[in-house]
Protein chains: 2
Amino acid sequence: MEFMTGVKKTDLLELPELQDKSLAGQTVKVNGAVHTIRDMGDVAFVVLRKRDGLLQCVYEEGKAGFDLKDLKEAATVEMEGILNEEERAPGGIELRIRGLKILSSPCAPMPLPIAKWKLNTSLDAKLNMRSVSLRNIRERAKFKIQEGIVKGFRDFLYEQGFTEIHTPKIGAKSAEGGANLFKLDYFHRPAVLQQSPQLYKQMMVGVFDRVFETAPVFRAEKHNTKRHLNEYTSLDFEMGYISGFEDIMAMETGFLQYTMKLLEREYAKELKILNITLPKTDKIPAVRFDKAKELVAEKYNRRIRNPFDLEPEEETLIGQYFKEEYDADFVFVTHYPSKKRPFYAMDDPEDSRFTLSFDLLYHGLEITTGGQRIHDYNMLVEKIAAKGMDQEGLEQYLDTFRYGMPPHGGLGIGMERLTMKLVGEDNVRETTLYPRDLSRLEP
Amino acid sequence: MEFMTGVKKTDLLELPELQDKSLAGQTVKVNGAVHTIRDMGDVAFVVLRKRDGLLQCVYEEGKAGFDLKDLKEAATVEMEGILNEEERAPGGIELRIRGLKILSSPCAPMPLPIAKWKLNTSLDAKLNMRSVSLRNIRERAKFKIQEGIVKGFRDFLYEQGFTEIHTPKIGAKSAEGGANLFKLDYFHRPAVLQQSPQLYKQMMVGVFDRVFETAPVFRAEKHNTKRHLNEYTSLDFEMGYISGFEDIMAMETGFLQYTMKLLEREYAKELKILNITLPKTDKIPAVRFDKAKELVAEKYNRRIRNPFDLEPEEETLIGQYFKEEYDADFVFVTHYPSKKRPFYAMDDPEDSRFTLSFDLLYHGLEITTGGQRIHDYNMLVEKIAAKGMDQEGLEQYLDTFRYGMPPHGGLGIGMERLTMKLVGEDNVRETTLYPRDLSRLEP
């Protein structure tokens, strides 16, 4: 009988292992994809792409053990060679090739110049060849930064006593109700895709006090802009026993601070590749919705057309205002109008036209919506009636409040938008692996 | 201007903080939900439910600062009191109440006896009142164990150089093709919900070498069994540069070993609450599909009806056989028949009726399907033709192979099933927050 006993040791080394100074002059084995070949005559540079970066390998005729013309770009290989320090090479090391094993070969030449530093290709072309265009080191790095953001979100929240949950994406009803829902047939019953885990995470606050989820959400919105997706990953949390909605903004600030440190520590390589200057998170200004409108109206000489709505241009100007006046990359805009918030939002007891809620803007783009929720059963029932909604389908949600719930609130962060702003892109599709929008449903 | 500077310090203490011996005799503040009240006359025990467990609080008439009849079970409160060591209380501490602030009150008495140690309630009743039944300490603990499993999966894979990805759940086409797909209308185009991230994670192997995803998958199967769900969370990984499909089984064994240690270290409380004996993961037997059938046919006196299929009873008996013969909790069954595996599965070069693939059984239940995939473009094109499939919709997937891909493979683990087996349940709905099955679409 054969037994599996765990991960097998291998003599194939990865880039961090190759940084071991004691290996200089030693024969080592590596694998990787042939990123590019630069033939200089007697000598050639074969650059391998590995998961942690590039490795320069030197082909010397007669010594490498194979003929250079038998090696193609995009082949995957195992190589043996002598490791040397070489300060001009990526990572300060290079491999003098002494043996080659080809693992796989491509059938066609690369359709994109992925080995170039900047892939000067249209967004459409990149998306049409996503699995190829991301082999470019800079393109790939954006998604490592995205990984770091999600890691930061989870690790920080674990530290703060949150529990991770997994809520269903198919349901009979969705959080906000209304339009913008994708509809499907669920064994001959009408169903929808959830536009938010809102109702589930609230229900779970009564169980775990603090919960989070990182999962897809679905919005059948017909927007066709640079910042909208019809499916995106939402970083959601919800927390009980808050003393006010400021606790939620404080928690988000903590997440951002934690994550910037994590990125500096664990993703320094990618920050450098993308030439990213991390935003400032030590203190984030919070300004009332109505006050923010006044400030930009005054400074930029704009007329306030609708006191209860924020236009995209106003968001941009609020971002600009706080950058100019406070050198702030982020700004919390608080007390959104009640008519713009869903039924579960807690109205401001001092002025019920506004809610105890907020958006977080990052350089003028909304990346978070959050706030305090109603926790009193009767208040919730009244609000549902006042919004002209039906209790049907909300029975279990409402029962949660009937049987006691602490004061609570939470937020949702758009993962792709936060990544986009952080890496300095201006189209959210740049930081979405496979975007879903009005025209894109494939692959 | 107000500024957010990070998570605010609070004087409200959590259970781990209350374990600080130097606090004995001190006045402290806590919050929580009133889990149960036991009135003994002059004295009463008010047990608070907090996110880390229970806290026993002692109400002494005239000293507590309120009248006991004003406090209801399921209220949420802030309490001030004197902390004492008390070995008979949960966690070895109790609080002598000296002040109360009620944060919220329930509107109705609890419909389930959540404060009982075992909630002797039917599964249906528990699911119909999920947000209440999970307030029971044992019910809640199952989902903390689930959290630990997912945490173990991610942390182990990060350590092994994997990159986390987020792939779309709506698409024009799905991995395995065929039936069992939920269909929806996507802006007047036909679309489906992904039954697996298979094609996406393969495409990303060419970019990141090793990738993983923890996300929902959707299967419109009309099974109505204790082990099937129509939506579940799949723990998926895919890895390049493998030397054989055994590398994938070795990686999964490593994950299980890592996770059992993590559970022992970080979830000891929940393991104790649920009285869990962790399964053995030091060595996991691997047996060929055809051999496994023979072994159980012989030992349990069964006739092999179909040499190319495994019946659920056979899976159970394979589990039983390896428990009896090798004291093994897990067993890998390898070399599944080609006709039972999808087009991307790599056939065994020694006998193309079988594949280089495997299932992992846990006490006789399949919790993983995995294997090596075809990485050669021409072989893939031939296999698609041999399966009578169409290349339409697979263009970008196929191009990935055209431009070079390393040998690779991967697996998918059913999160709810693994949790179910680990906590000793026999219905997967017990370890699913909000199950979706033929009858359940709400809440």
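All values derive from a computational prediction rather than experimental measurement.

Focus on the overall build of chain A
No. 1: Helix and strand counts for chain A come out as 12 helices and 19 strands.
No. 2: In terms of its C-alpha atoms, chain A occupies a principal-axis envelope of roughly 85 × 65 × 40 Å.
No. 3: Here chain A holds 443 residues, and the buried ones make up 63% of them.
No. 4: Looking at chain A as shown, the accessible area adds up to about 17,400 Å², and 46% of this sits on carbon and sulfur atoms.
No. 5: Measuring between centres, the 63 positive side-chain charges of chain A sit 3 Å from its 70 negative side-chain charges.

Here's the deal with the sheet that holds strand 19 (residues 408–414) of chain A
No. 1: Read across the sheet, nine strands follow the order 7(A)-11(A)-12(A)-19(A)-18(A)-17(A)-14(A)-13(A)-1(B) without closing on themselves; strand pairing throughout is mixed. Lying at the two open borders of the sheet, with one neighbouring strand each, are strand 7 (163–164) of chain A together with strand 1 (2–4) of chain B.
No. 2: In the sheet, strand 17 (residues 357–362) of chain A pairs with strand 18 (residues 365–373) of chain A via six bridges, with the strands oriented antiparallel. Across the sheet, the residue bridging to Tyr362(A) is Leu365(A), located in strand 18 of chain A.
No. 3: Across the face of the sheet, helix 5 (residues 198–208) of chain A comes into contact with strand 7, strand 11 (210–218), strand 12 (231–240), strand 18 and strand 19 of chain A while running at roughly 30° to strand 12 of chain A.

So, the side chain of Thr163(B)
No. 1: Summarising the element assignment, Thr163(B) is placed in strand 7 (residues 163–164).
No. 2: A distance of 2.8 Å separates a polar atom in the side chain of Thr163(B) from a polar atom in the side chain of Lys144(A).
No. 3: Setting aside residues up to four positions removed in sequence, Thr163(B) forms contacts with Lys144(A), Glu147(A), Phe208(B), Arg210(B), Val211(B) and Phe212(B).

Considerations on the UniProt feature "site: Important for tRNA non-discrimination" (unreviewed entry) in chain A
Residue and element names in this part refer to chain A.
No. 1: Within this numbering scheme, the UniProt entry marks Pro 90 as carrying the feature "site: Important for tRNA non-discrimination" (unreviewed entry).
No. 2: Residue classification places Pro 90 among the partly exposed residues on the basis of a relative accessible area of 35%.
No. 3: Excluding anything up to four places from it in sequence, Pro 90 contacts Leu 54 and Gln 56.

Some thoughts on unusual backbone geometry
Residues and elements named next belong to chain A.
No. 1: A cis amide bond links Glu 442 to the next residue, Pro 443, at an omega of 0°.
No. 2: With a phi close to 60°, Tyr 241 is a non-glycine residue in the positive phi region.
No. 3: Mapped onto the secondary structure, Tyr 241 falls in the loop between strand 12 and helix 6 (246–266).
No. 4: Under the relative-accessibility criterion, Tyr 241 is labelled buried at 14%.

Side note on the domain arrangement of chain A
No. 1: Annotation of chain A at the domain level lists domain 1 (15–104) and domain 2 (137–431).
No. 2: The gap between the C-alpha centroids of domain 1 of chain A and domain 2 of chain A is 46 Å.

With respect to the UniProt feature "binding site: L-aspartate" (unreviewed entry) in chain A
Residue and element names in this part refer to chain A.
No. 1: Feature annotation in UniProt places "binding site: L-aspartate" (unreviewed entry) on Glu 176, Arg 219, Thr 369 and Arg 373, given in this structure's numbering.
No. 2: Structurally, the position occupied by Glu 176 is in the loop between strand 8 (170–171) and strand 9 (183–186).
No. 3: In contact with Glu 176, not counting residues within four places along its chain, are Gln 195, Ser 196, Pro 342 and Tyr 344.
No. 4: Reaching out from Arg 373, the side chain makes a polar contact with the backbone oxygen of Gly 371 at a distance of 3.5 Å.

So, the relation of the copies chain B and chain A
No. 1: For the pair chain B and chain A, the superposition axis carries a translation of 0.0 Å, the fit reaches an RMSD of 0.0 Å, and the rotation angle comes to 180°. On the angle and the small slide along the axis, the relation comes out as a two-fold axis. Considering only C-alpha atoms, the residue of chain B closest to the rotation axis is Leu184(B), which sits at 2.3 Å.
No. 2: By residue overlap, the copies meet face to face through one surface: 100% of the interface positions of chain B are interface positions in chain A.

A look at the sheet that holds strand 2 (residues 27–39) of chain A
All names here are of chain A.
No. 1: Taken in spatial order, the five strands close into a barrel running 2-3-4-6-5, and their pairing is mixed. When strand polarity is set aside, the average angle formed by the axes of neighbouring strands in this sheet is 55°.
No. 2: The sheet contacts of helix 4 (residues 137–159) involve strand 2, strand 3 (43–50) and strand 4 (53–60), and relative to strand 3 the element is tilted by about 20°.

As for the packing of helix 8 (residues 289–299) of chain A against helix 9 (residues 312–326) of chain A
All names here are of chain A.
No. 1: Look at helix 8 against helix 9: their axes get within 9 Å of each other, and the N-to-C directions meet at 80°. What the angle tells us is that helix 8 and helix 9 run roughly perpendicular. Across from Ala 292, Lys 293, Leu 295, Val 296 and Lys 299 in helix 8, the residues of helix 9 making contact are Glu 314, Leu 317, Ile 318, Tyr 321, Phe 322, Glu 324 and Glu 325.
No. 2: Each residue belonging to the contact of helix 8 with helix 9 can be placed in one class, and the counts come to seven nonpolar, no polar and five charged.

Some thoughts on the interface of chain B and chain A
No. 1: The interface of chain B with chain A comprises 124 residues on the first partner and 124 residues on the second.
No. 2: Interface area for chain B against chain A, summed over the two sides, is near 10,500 Å², with a carbon-plus-sulfur share of 62%.
No. 3: Interface area lost by chain B to chain A is led by Met4(B), Tyr403(B) and Leu441(B), which between them contribute 8%.
No. 4: Connecting chain B to chain A are four salt bridges.
No. 5: Among the salt bridges present, the one from Asp247(B) reaches Lys8(A), with a minimum N-O distance of 2.8 Å.
No. 6: At the junction of chain B and chain A, the tally comes to 59 residue pairs in polar contact (both at pLDDT 80 or more).
No. 7: Within the side of chain B that touches chain A, the residues separate by chemical class into 64 nonpolar, 29 polar and 31 charged.
No. 8: The pairing of strand 13 (residues 284–288) of chain A with strand 1 of chain B spans three bridges and is antiparallel. By the bridge assignment, Ile284(A) is partnered in strand 1 of chain B with Met4(B).

Focus: the pattern of salt bridges
All names here are of chain A.
No. 1: According to the stated counting rule, one finds 83 salt bridges over all chains in the structure shown.
No. 2: With its nearest N and O atoms 3.0 Å apart, the salt bridge here joins Lys 293 to Glu 314. Of this pair, Lys 293 sits in helix 8 while Glu 314 sits in helix 9, and the two are 21 residues apart along the sequence. Glu 314 carries the same exposure label as Lys 293, and that label is buried.

Examining a negative patch on the surface
No. 1: Residues Asp390(A), Glu392(A), Glu395(A) and Glu442(B) make up a contiguous surface patch of negative charge.
No. 2: Looking at the secondary structure, you find Glu395(A) in helix 11 (residues 395–402).
No. 3: Judged by its relative accessible area of 45%, Glu395(A) is partly exposed.

Let's talk about helix 12 (residues 415–423) of chain B
All names here are of chain B.
No. 1: Most of helix 12 is tucked away: eight of the nine residues are buried.
No. 2: Where helix 12 is buried, its residues meet helix 4 (137–159), strand 12 (231–240), helix 6 (246–266), strand 17 (357–362), strand 18 (365–373) and strand 19 (408–414).
No. 3: Gly 424 sits one or two positions beyond helix 12 and adopts a positive phi of about 80°.

Structural notes on the pairing of strand 9 (residues 183–186) of chain B
All names here are of chain B.
No. 1: Where burial is concerned, the two faces of strand 9 differ: the one with Leu 184 and Tyr 186 is buried and the one with Lys 183 and Asp 185 is not.
No. 2: The sheet contact formed by strand 9 and strand 10 (residues 189–193) spans four bridges and is antiparallel. Within strand 10, the position partnered with Tyr 186 by the bridge is Arg 189.
No. 3: Once strand 9 ends, the chain turns through two residues before running back antiparallel as strand 10, passing Phe 187 with a positive phi of about 45°.

Some remarks on the pairing of strand 19 of chain B
Residues and elements named next belong to chain B.
No. 1: Within strand 19, seven of the seven residues are buried, which leaves it mostly tucked inside the rest of the structure.
No. 2: Side chains of strand 19 alternate between two faces, with His 408, Gly 410, Gly 412 and Gly 414 and Gly 409, Leu 411 and Ile 413 buried alike.
No. 3: The pairing of strand 12 with strand 19 spans seven bridges and is antiparallel. Paired with Phe 237 across the two strands is Leu 411, which belongs to strand 19.
No. 4: Relative to strand 19, strand 18 runs antiparallel, the two sharing six bridges. Paired with Arg 373 across the strands is His 408, a residue of strand 19.

About the cut-offs
Counting of residues starts from 1 at the beginning of each chain's written sequence and follows it residue by residue. Here every chain gets a letter starting at A, and every ligand a number starting at 1, in the order they are written. In keeping with the predicted nature of the model, local features appear solely for residues at pLDDT of at least 70, side-chain atom pairs appear and are counted solely at 80 or more, and the whole-chain, interface and lining totals rest on all residues. The side-chain values count all of the structure's non-hydrogen atoms but skip hydrogen atoms and water molecules. Per the convention used, a helix needs a DSSP run of H or I reaching at least four residues, while a strand needs a run of E reaching at least two, with both numbered from the N terminus. Exposure is judged per residue with a 1.4 Å probe applied to protein chains only, and the accessible area is read against the type maximum: over 50% gives exposed, under 20% gives buried, and values in between give partly exposed. Reported accessibility uses the Shrake-Rupley method at a 1.4 Å probe radius. Residues are deemed covered only where the shown protein chains occlude them. Counted as positive: Lys and Arg. Counted as negative: Asp and Glu, with His and the chain ends omitted from the count. Working definition for charges: the position is that of NZ of Lys, CZ of Arg, CG of Asp or CD of Glu. What makes two strands pair is DSSP finding at least two bridges between them. By definition in these notes, contact holds between two residues if any of their heavy atoms fall within 4.5 Å. To define axes, lines are fitted to C-alpha atoms, for helices over the stretch in contact only, and angles between the resulting N-to-C directions are given on a 0 to 180 degree scale. Between N or O atoms, a polar contact is any pair within 3.5 Å; within protein, one atom must be a potential hydrogen donor and the other a potential acceptor, and residues adjacent in sequence are included only when both atoms are from side chains. UniProt positions are given in the numbering used here, feature names are shortened, and annotations may be inferred rather than shown by experiment. Boundaries of every domain are those given by an automatic assignment or by a domain database. The least-squares superposition of copies is restricted to C-alpha atoms, and to residues with a pLDDT of at least 70 in both copies. Any angle from 65 to 115 degrees is called roughly perpendicular, while one under 35 is roughly parallel, one over 145 is roughly antiparallel, and all others are oblique. Three classes are used, and their members are as follows: Ala, Val, Leu, Ile, Met, Phe, Trp, Tyr, Cys and Pro are nonpolar, Asp, Glu, Lys and Arg are charged, and the others, Gly among them, are polar. Buried area adds together the accessible area that both of two parts lose upon being put together, with accessible area traced by a 1.4 Å probe. Here, a salt bridge means any Lys or Arg side-chain nitrogen found within 4 Å of an Asp or Glu carboxyl oxygen. Each patch groups residues whose relative accessible area exceeds 30% and which form no salt bridge, using 9 Å between like charges and 5 Å between nonpolar side chains of Val, Leu, Ile, Met, Phe, Trp and Tyr.

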